Amino acid sequence: MTFTKEMLKKRIDVAAKRIPADLVIKNGKVVNVFTREIITEDIAIVDGYIAGTGTFEGYETVDAYGKYVVPGFIDGHVHIESAMVIPSEFSNVVLPHGVTTIVADPHEIANVSGTAGIDFMLEASEAIPLEVLLMLPSCVPATPFENSGAALEHSDLEPYYSHSRVLGLAEVMDYSSVLYKDDKMLDKLMNASAKEKHIDGHASGIDADGINVYMTAGIRTDHECVTAEEALDRLRKGMYVMLREGSAAKDLINLLKAVNEHNARRCLFVTDDKHLDEIIDEGSINFSVKTAIQEGIDPLLAIQMATLNTAECFGLKTKGAIAPGYEADILLLNDLEKVEIEQVYKRGRLVAKNGAVMQPAKTSVAPLPIITDSVNIHPVSLDDLKVKMREGNMANIIEIRPKMIVTEHLIEEVDVTDGYFQPSIEKDQLKIAVIERHYRTGNIGLGIIKGLGIKNGAIASTVAHDSHNIVAAGTNDEDLLKAIQLTANMKGGLAVVEDGREIASLPLPVAGLMSDMSCGVINDRIQKLNEALAKIGCSMEFNPFITLAFLALPVIPELKLTDVGLFDVKTFQHIDVEAVSVK
């Protein structure tokens, strides 16, 4: 919307009480995030903006007596694709949870479809109630140690900086390229800085000395902390710390131990990657606020972290507060500490009430064939899935850490028959495979995984951060192969196989990452997947698909698997499955 002089005159007239406001929210207990106090007052809204607080009259009024009035929540870092829905359906899911603005990184779809993926996410989020701000993917591909579907240089990204909803450069996860001054990475950093754009970090496992490098390079945030000590290292260097609570990485409670009255203004909440069913069941940023309050954080401080802090981090000067000149993104809560949301307003318009959107968002944007025909694999055979053990029976094994995306590097004795690794349910040593799915290269990375807990069968997915090749794991090669073939035949998706037959699946034809179905239908399919996972013996202490998705990400310690092979994140090199070859 173009801001005109006539609009400014109208706002001034409302602020001066010369004319009534469009809408007045009266009698509410307003949370002031600047002073962290609660004030009972009216809120005057005109053209979607707040013109004043105090005592006002309006053409329309909402009586908020007995309710708490807080700013709309802002998710400071999220991948929409991780919810497996397109932007309009994402809007329908998160708005009832009080999230009115998100800072999204289309990194996932860009790794599959390049600029076509970025274009789709911008176009598909253009006319929906949820405000979707974008950060441009900085690492496509994420690393040179795997094969993704695209490669983006600074020249590919530069035109997008003129877009009104593009804020900057998204999570810089290739730390080694920054540390060793890779020209392509420096071009991206300098281009963003020259345009005075924000630069996000991704400092997984990086110590305080490494944070010096990131800060010097102009990187100002990190969402990869897993301990309070890591959070404090970043806060002391001047970073904003994004306290993450997603599906695979549930770090919030640990990180809250670092938050105090002196440093809280540099802390904000993010979800990063959160599955649709978890958003529906427990919420988004509202869940983080509620959890923080339960952990002893003052409710007003928790709300400040979810609103004003995020807005200030990204330079969003009209968001994050209930004050004159700010956008009328407003929540009415029945209970402050429980964060019980009754009504959600976006720019003064009621968009959700009592857990449901007022009118479901829809999009008319259809993805291009480059996005919908993104799964192209070379034929895979049973022989391709054999793990050769040449000299012995000691192997490098990826051990899962439940509810975390970091893994452990184990060396254990494994079962070997005729020179090949044999999965063992008793030892919980299963086979994992990553199949390149973009250019039919025939690349297959093979490894051994511990902690997934499958007792019979296999699972496979085209959601495999960040290159999103097919990742599969299972107890036997026949089911493993069947699961791989199912995901390819669906043009992307999730599959559960037992005894050679499909028992549940979810097609994800949009880049192999998102469904074009409604969120309700998708959630039903997810529930069937969960039932199937339980049937094949998964403990469900954590979501196996979510965990599987991060086992192919070679920027998260310690041991991961790419389509090229087993990758040691500490030494930044591929290693053999057989442990005797480790140097």
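Quantities reported herein were computed from a predicted structural model and do not represent experimental measurements.

To continue, consider helix α17 (residues 519–535). Along its 17 residues, α17 runs 24 Å from first to last C-alpha, staying within 8% of the 24 Å computed at 1.5 Å per residue. Taken together, the buried positions of α17 are occupied by Cys519, Ile522, Asn523, Ile526, Leu529, Asn530, Ala532 and Leu533. Against α2 (87–94), α11 (276–282), β24 (458–461), β26 (493–498), β27 (501–507) and α18 (544–549) lie the buried residues of α17.

Along any regular strand the residues' side chains alternate between the sheet's two faces. Bridge count for strand β18 (residues 394–400) against strand β19 (residues 407–413) is seven bridges, and the pairing is antiparallel. Pairing of glutamate 399 across the sheet is with glutamate 408, part of β19. Taking the residues between adjacent antiparallel strands as the criterion, β18 and β19 are bridged by six residues, where lysine 403 takes a positive phi near 65°.

This next bit is on the packing of aromatic side chains. Within this structure, the stated rule accounts for five aromatic pairs. Pairing tyrosine 175 with tyrosine 214 gives two aromatic rings, centres 5.5 Å apart and planes at 75°, and the pair type is edge-to-face. Residue tyrosine 175 is located in helix α6 (residues 175–179), and its partner tyrosine 214 is located in helix α8 (residues 208–216); the two are separated by 39 residues in the primary sequence. The pair formed by tyrosine 175 and tyrosine 214 is uniform in burial state, with each residue classed as buried. Between the NZ or CZ atom of lysine 29 and the centre of the ring of tyrosine 68, over which it lies, the distance is 4.1 Å. Arginine 266 extends its terminal NZ or CZ atom over the ring of tyrosine 240, reaching a point 4.0 Å from the ring centre.

It is worth spelling out the sheet that holds strand β13 (residues 267–270) at this point. Spatial ordering of the open sheet is given by β11-β12-β13, a layout of three strands whose pairing is parallel. Every other strand in the sheet has two partners, leaving β11 (221–222) and β13 as the edge strands with one partner each. Of the strand pairs in this sheet, strand β12 (residues 240–244) and β13 are connected by four bridges, and their pairing is parallel. What sits directly across from arginine 244, in β13, is valine 270.

As annotated in UniProt, the feature "domain: Adenine deaminase C-terminal" (unreviewed entry) corresponds to residues 405–573 in the numbering used here. The distance from the first to the last C-alpha atom of residues 405–573 is 19 Å, and the span holds 21% helix and 34% strand.

We now examine the nonpolar core. Core analysis: the biggest nonpolar cluster contains 176 residues, and Phe90, Leu243 and Val289 have the highest contact counts within it. Every residue in contact with leucine 243, bar those within four places of it in the chain, is listed here: Leu252, Leu255, Leu256, Val259, Cys267, Leu268, Phe269, Val270 and Met305.

Each value, and the rule that gives it
Residues numbered from 1 in each chain as written. Predicted model: local features only at pLDDT ≥ 70, side-chain atom pairs only at ≥ 80, totals over all residues. Heavy atoms only, no water. Helix = DSSP H or I, 4+ residues; strand = E, 2+ residues; numbered from the N terminus. Expected span 1.5 Å × (residues − 1). Buried < 20%, exposed > 50% of the residue type's maximum accessible area, 1.4 Å probe, protein only. Contact = heavy atoms within 4.5 Å. Pairing = 2+ DSSP bridges. Phe/Tyr/Trp six-rings, centres within 6.5 Å; stacked < 30°, edge-to-face > 60°. Lys NZ or Arg CZ within 6 Å of the ring centre and 35° of its normal. UniProt positions renumbered as here; feature names shortened; annotations may be inferred. Core = buried A, V, L, I, M, F, W, Y, C linked by side-chain atoms within 4.5 Å.

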